Amino acid sequence: MPGPHEELQLLDPSDSMKRTIEIINLQLGQIEEGEVGKEDCEAVSRALGLIAEKESEAVSYYMRPLDSDEIYDRLISLHESRDEMETADHYKSMIDQRRARKWTLHGDLHSVLGDNTLAVKYFERALFYGPRDDVVDEVKKALSKAGRRVDKAGSGLPTILKKLEGRPTDVKLIGDAAKYLIDLNMIEEAIDMNGKVLKLVPADFESLHRKGCLQFLAGNREDAIRIFSTLKQDNPNSTKAKSAYNWTRDLPNGDVNGE
């Protein structure tokens, strides 16, 4: 049965990133435990070179770093111990790209949900870490768009609330107010406002969609997914319902912490 080094040599990154990560982890384990290079110090260099080759192939194929900070942390430590700082810096940049991608995804998610205050926060964090060169402009455009939405909501909400004082059952005004409240990350107030619309028009698609967004933003992920699933089934041609369902199913809910 071939060992990790032989398996790594034969590895085609297109097989799966999970498999690439698994085999690289096995090879790193052998290096760290001294099983590689006991009698030939060049063996470690060859093993690390092969890992670098396969990491590069996977990054090119999947157009993103390996889905594992642990691998990069181990590679950084190994190369720093060998005073190979340029290679260590390369792997540090991969971790930064992973973080940038993570925050870009969360920015996109919150744009889809309408919470542009959080979208701005996450796009700014993505740019701090530094996305891939080919997506930097895209992230900047998304940040600018989200920022404009926040500014519009901030200036428009007081006017709408004033109008509602004289027209408390105006469905459009109530819906616009709920939308602006979401833009400003005023989730509890938005839930109350959107509830007023649903009392007046219980089957309104936009209000039900907002309800799903608000449930997700409030941390009730399963309720949100159920709402979006129903909307998707009832409106099979709606890209809006499909998009919300897919995003909320694949990413965690609410504000997120960490780097």
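Residues numbered from 1 in each chain as written. Predicted model: local features only at pLDDT ≥ 70, side-chain atom pairs only at ≥ 80, totals over all residues. Heavy atoms only, no water.

Caption draft 1: Structural context of the overall build of the protein. Broken down by element type, the protein carries twelve helices and zero strands. Element order for the protein, N to C, with α for helix and β for strand: α-α-α-α-α-α-α-α-α-α-α-α. Rg of the C-alpha trace for the protein: 24 Å, well past the compact-globule value of 18 Å for 259 residues, more than 25% over. The C-alpha extent of the protein, read off along each of the three principal axes, is 85 × 35 × 25 Å. Within the protein, the proportion of its 259 residues that are buried is 43%. By sequence separation, contacts in the protein at least 24 residues apart represent 58% of the contacts at least 6 residues apart. With 37 positive and 47 negative side-chain charges, the protein shows a separation of 11 Å between the mean positions of the two kinds. (Helix = DSSP H or I, 4+ residues; strand = E, 2+ residues; numbered from the N terminus. Rg over C-alpha atoms; globule rule 2.2 N^0.38 Å. Buried < 20%, exposed > 50% of the residue type's maximum accessible area, 1.4 Å probe, protein only. Contact = heavy atoms within 4.5 Å. Lys, Arg positive; Asp, Glu negative; His and termini not counted. Charge placed at Lys NZ, Arg CZ, Asp CG, Glu CD.)

Caption draft 2: Spatial organisation of the nonpolar core. With 30 residues, the main nonpolar core has L113, I160, L164, A177, M193 and F228 as its most contacted residues. Only α5 (85–113), α7 (136–166), α8 (171–183), α9 (187–200), α10 (205–217), α11 (221–234) and α12 (239–250) provide two or more residues apiece to this core. Counting residues per element, this core draws most heavily on α8, which supplies seven residues. For F228, the residues in contact, after removing those within four places along its chain, are H209, G212, C213, A241, A244, Y245 and T248. Formed by 27 residues, the second largest nonpolar core is a distinct cluster that contains L11, I24, I51 and A58. (Core = buried A, V, L, I, M, F, W, Y, C linked by side-chain atoms within 4.5 Å.)

Caption draft 3: Quick peek at the packing of helix α2 (residues 17–32) against helix α4 (residues 69–81). With their axes 11 Å apart at the nearest point, α2 and α4 run at an angle of 30° to one another. By the angle between their directions, the pair α2 and α4 is classed as roughly parallel. In terms of crossing hand, the pair formed by α2 and α4 is left-handed. Residues I21, I24, N25, L28, G29, I31 and E32 of α2 pack against E70, I71, R74, L75 and L78 of α4. Counted by class, the contact of α2 with α4 contains seven nonpolar, two polar and three charged residues. (Axes fitted to C-alpha atoms, helices over the stretch in contact; angles between N-to-C directions. Parallel < 35°, antiparallel > 145°, perpendicular 65-115°, else oblique. Left-handed = near helix turned anticlockwise from the far one by under 90°. Nonpolar A, V, L, I, M, F, W, Y, C, P; charged D, E, K, R; others polar.)

Caption draft 4: Geometry of the side chain of T20. Along the polypeptide, T20 turns up in helix α2. Beyond its immediate chain neighbours, meaning those up to four positions away, T20 contacts L11, P13, A58 and L66.

Caption draft 5: Inspection of the packing of aromatic side chains at higher detail. Evaluated as defined, the whole model comprises four aromatic pairs. Ring geometry for Y61 and Y62: centres 4.8 Å apart, planes at 80°, overall edge-to-face. Centroid distance Y72 to Y91: 5.9 Å. Interplanar angle 40°. Geometry classified as tilted. Here Y72 is found in helix α4, whereas its partner Y91 is found in helix α5, with 19 residues between them in sequence. Each member of the pair, Y72 as well as Y91, carries the same accessibility label: buried. One Lys or Arg, R125, reaches over the ring of W103 and ends 4.3 Å from the middle of that ring. Looking at K232, its charged tip hangs above the ring of Y245, at a distance of 4.6 Å from the centre. (Phe/Tyr/Trp six-rings, centres within 6.5 Å; stacked < 30°, edge-to-face > 60°. Lys NZ or Arg CZ within 6 Å of the ring centre and 35° of its normal.)

Caption draft 6: Layout of the pattern of salt bridges. Counted under the stated rule, the structure contains 19 salt bridges. Across the salt bridge formed by E70 and R74, the nearest N and O atoms sit 3.5 Å from each other. Of the two residues, E70 and R74 are both situated in helix α4; the distance of four residues between them amounts to about one turn of the helix. R74 sits in the buried class, given a relative accessible area of 17%. Through salt bridges with shared partners, a single network forms among R64, D67, D69 and R98. (Salt bridge = Lys/Arg side-chain N within 4 Å of Asp/Glu carboxyl O.)

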